[in-house]
Amino acid sequence: MTRLALPALAEARRFALIVGLTALGYAFAGWVSLKLASYIADVVAVVWLAAGIGAMASLRFGAAGVVGVLLGSLAVNSLFLPPDGALGLALGAAAGAAIIGYLPRYLLQPFSPSLDFVSSVTKFALVAAPLGCAVSAGVGVFSLHAFGDMPDSLVFRSLWVWWLGDLLGVYLIAPLLLTASRWDLLPTNKGARLEGLVLLLSMMLLTRLMMQYVDLLRPAEVVLFVLLPGVLWAALRFSVTGASLAIFLSALIVLGVGVISFGGLTVATTPRDIFGLQISMVTMALGGLFVSSALTERRYSEMRLDMLANHDPLTGLPNRSYFQDFLTHALARAQREKLQVSLLFIDLDRFKHINDSQGHEVGDQVLRVVANRLDEELRADDFVARLGGDEFAVVLSHPPASRAASRVARKLIKALAESFKLEQRRYAIGASIGISVYPDDGLDANTLLRQADLAMYQAKQRRSGFEYFSDELNTVAQQQLNLETGLRHALERNELVLVYQPKVDLTNGQVVGLEALLRWLPKSGGIIWPDQFVPVAEETGLILPLGRWVIRAACEQWVVWRDTGLNPPPVAVNLSPRQFSDARLIDDIESILSDTGMDVAYLQLEVTESAAMENPMRTFDMLDALRRRGLHVYIDDFGTGHSNLGQLKRMPIDTLKIDKSFVDDVLTDSDGAEIANAIIRLSHALNMRVVAEGVESVEQVAFLKKQGCDEIQGYVVAKPLPPDKVSELFAQRFVF
């Protein structure tokens, strides 16, 4: 048997507190209304301020507010009515408040309780409030009539005045209380405060003068000609909260001046004048609310546009444009106040792997995590921005000190290195940070950003976490720029050439393959080696056109050898990691084979172990596609990466190449010899051939031959040779 769930003690206390405070507020506002207003048939108030308390409480607190209205109304009406009549009025007030709260909360969504949108003001002021007040007035009037407290002749007129009195109370009080949460929209500078004070005093003074010295000027006319312009001015200048406050104060002004100057709105005041006063105040309230909500909505739109223009939509951090402006102002301030500015340029490690393997949706979540951690670790006066991709920047202003940003850099690296969980899976990334300092490393924003970027690349290469900029980095950067510029021209000026190093079968001593190696021979003379320009080509993306040139040149040369009657062995070309992940690789190779007439069986591709194992699933697909087209694949530099032997077994690979670092040690280091021997046995166990590269002595050859190595490549056979020289070795038989 299920038990009835009882509300928690805290919830019950909150409910009771809301009920009590609402009842107290309603009763007090009702008492004030009775003191300020005149009556028709002794019961109907011109302005029932308590209705505003009830509307606000119902909108904000739901059932608790409605119960508070019931009790508050019962308390205030019991002062001058018998219990039956007071209960009837209390039920009417509670029903009206319930309608005003229920309609916007449940039937007229979307609705903003702070009334800062025109649609919300419309739903509240033109739908919910009129209906709720009509119910309240109807129940109240007919209750009084039923108990004989109201003659038949006053019922219709009482309905109108009561309805307008309740409605006016809702318009005067509820917006003021509902918009109190948006005090942040009010201007807070000294000029705005002075303007508000002048506006209030002017409204009071003009009202007093006009009612004193203009003959037969009714309070309704004062509202329309003096107070309404003031309310509209407040709406234009001080947002929805300022307009609500101006509406409330205007009502107090006109009622207060009327009481002080003329002894109040007495029984002698005609119903027409009372009705005119109510209508004019309703018009003033509606005008102020609609104008202020329209302007506030426009201000929100401007804020959203500003947010989109100056902030990153993914992380909410300032974007590159905002960062540039902030850094420029920070440098100007630092110059005036003799401060230092440290710029931290942050680049995430391993983010590309997560983005490529898990998809951009997970990558976006990672960037949000990073942004939150950076924001949490920094002080309130520090500045952090997302520059784009996985790059962030932090600006620190501080008194002059040596390496003042080191502590912050270590803290950020530690925070970003902590693993985190997304969708039941844990991820871990790191960060490399480059630091430049004003005024030591530069005097303008662009220079500091460039210097910090250079320092970040240094930190990434050294895996040191963070590095400060130094003049040496500028020299290296200039050299890299010169290499990049020269490399672009090298492709156009035919400064690139291929040389070939033969591979010899240890069983019969014949040349069974060639490795094509790239050389750069500038017109200015000398030679630039691959270890100098290939990293630059990788970083700048030039490796892709460079790689296509190498494949085409190797194929064309092989065809030339074949057409001259020689019997050239297969030729192998090296694929960089960036080439191997290029979606156009296979199409490019097929196009080159078709254009040159190269026999596909004689083209071999060499991929480094680290590139092959970086993304095993993609590697499987790429190798399978290459194998289906008849191409043969070698794993180069084997033993220096992080191979998964289970994955290696399933990959369609033809040959493993033992890295030169192991071959160098086979005669002097037992560990090196064991590693080389293990790679040979592993290759044969996987039905692959094995090639030892970098072989330089006959003793090394003897060791490798004894262990069962299939092929060798190195200076012991020949150095890399130009095409005309290497072709002389095709028919030669080597004896070791």
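See the structure printed just above.
Counting restarts for each chain: residues are numbered from 1 in the order of the written sequence. Selection of residues for local features in this predicted model requires a pLDDT of at least 70, selection of side-chain atom pairs for listing and counting requires 80 or more, and totals for whole chains, interfaces and linings are taken over all residues. By convention in this description, side-chain values take in all heavy atoms of the structure and omit both hydrogens and water.

1. So, the nonpolar core
Formed by 77 residues in total, the largest nonpolar core has its most connected members in Tyr500, Val571, Ile589, Leu603, Leu626, Leu704 and Ile712. Working definition: helices are DSSP H or I runs of at least four residues, strands are E runs of at least two. Numbering for both runs from the N terminus. Examining the composition of this core, we find that 10 residues originate from one element, helix α17 (residues 543-563), more than from any other. Those residues in contact with Leu626 that lie beyond four places of it in its chain are Phe580, Ile586, Ile589, Leu605, Leu631 and Val633. Membership of the second largest hydrophobic core comes to 54 residues, among which are Ala174, Phe238, Val240 and Val282. Only buried residues count toward a nonpolar core. Its members are Ala, Val, Leu, Ile, Met, Phe, Trp, Tyr and Cys residues joined through side-chain atoms within 4.5 Å. Relative accessible area decides the class of each residue, using a 1.4 Å probe on protein chains only: under 20% of the type maximum gives buried, over 50% gives exposed, and in between gives partly exposed. In what follows, residue pairs with any heavy atoms lying within 4.5 Å of each other are defined as contacts.

2. Some points on the pattern of salt bridges
Each salt bridge in this description consists of a side-chain nitrogen of Lys or Arg and a carboxyl oxygen of Asp or Glu lying within 4 Å of one another. Under the defined criterion, the tally for this structure stands at 20 salt bridges. Asp312 is paired through a salt bridge with Arg386; the nearest N and O atoms lie 3.1 Å apart. With Asp312 in the loop between α9 (271-310) and α10 (320-337) and Arg386 in strand β4 (residues 383-388), the pair connects residues that are 74 residues apart, well separated along the chain. Its relative accessible area of 11% is what places Asp312 among the buried residues. Residues Lys657 and Glu606 are paired through a salt bridge, measuring 3.0 Å at the closest nitrogen-oxygen approach. Of this pair, Lys657 sits in strand β15 (residues 655-658) while Glu606 is found in strand β13 (residues 603-608), placing the two residues 51 residues apart along the sequence.

3. A closer look at the side chain of Thr22
Tracing the backbone shows Thr22 in helix α1 (residues 9-36). The class of Thr22 is buried, set by a relative accessible area of 6%. The contact partners of Thr22, leaving out residues within four places of it in the chain, are Ile53, Ala57, Gly65, Gly68 and Val69.

4. Section: the sheet that holds strand β5 (residues 391-398)
In this scheme, strands are said to pair when DSSP sees at least two bridges between them. Taken in spatial order, the 5 strands line up as β4-β5-β3-β8-β9 in an open sheet, and their pairing is mixed. Strands with a single pairing partner mark the edges of an open sheet, and in this sheet they are β4 and β9 (466-468). Neighbour-to-neighbour, the strand axes of this sheet turn through a mean angle of 20 degrees, independent of strand direction. Where strand β3 (residues 340-349) meets β5, 8 bridges bridge the pair, whose relative direction is antiparallel. Its bridge partner being in β5, Val341 is matched across the sheet by Ser397. The axes are straight lines fitted to the C-alpha atoms, using for helices just the contacting stretch, and the angles between their N-to-C directions are given from 0 to 180°. Where helix α14 (residues 445-462) meets the sheet, its contacts fall on β3, β4, β8 (430-438) and β9, and the angle it forms with β8 comes to roughly 145 degrees.

5. Here we look at the layout of surface pockets
Rolling a probe over the atoms, with the probe sized like a water molecule, indicates the empty space that remains. With a 1 Å grid spanning the protein atoms alone, the term cavity applies to any set of points in which a 1.4 Å probe fits but cannot get out, the term pocket to an open set with protein on both sides within 12 Å along at least five of seven lines, and the term lining residue to any residue with an atom within 4 Å of a point. Grid points are joined across faces, edges and corners, and a volume is the space filled by probe spheres set on the points. Considered as a void within the structure, the second largest pocket measures approximately 1,100 Å³ in volume. In this structure, the second largest pocket is lined by 36 residues; those nearest its centre are Glu515, Leu517, Arg519, Pro530 and Asn574. Charged residues are taken to be Asp, Glu, Lys and Arg, nonpolar residues to be Ala, Val, Leu, Ile, Met, Phe, Trp, Tyr, Cys and Pro, and polar residues to be all remaining types, Gly included. In the lining of the second largest pocket, the residues fall into 16 nonpolar, 9 polar and 11 charged.

6. Things to note about the side chain of Arg373
Following the sequence through the fold, Arg373 ends up in helix α12 (residues 360-377). In this structure Arg373 is buried but unpaired, with Glu418 as the nearest side chain of opposite charge at 4.8 Å. For this analysis, a polar contact is any N or O atom pair within 3.5 Å, provided that within protein one partner can donate a hydrogen and the other can accept it, and provided that sequence-adjacent residues contribute only side-chain to side-chain pairs. For Arg373, the side chain forms a polar contact with the main-chain oxygen of Ser419, separated by 3.4 Å. The convention is simple: Lys and Arg are positive, Asp and Glu are negative, and His and the chain ends are not counted.

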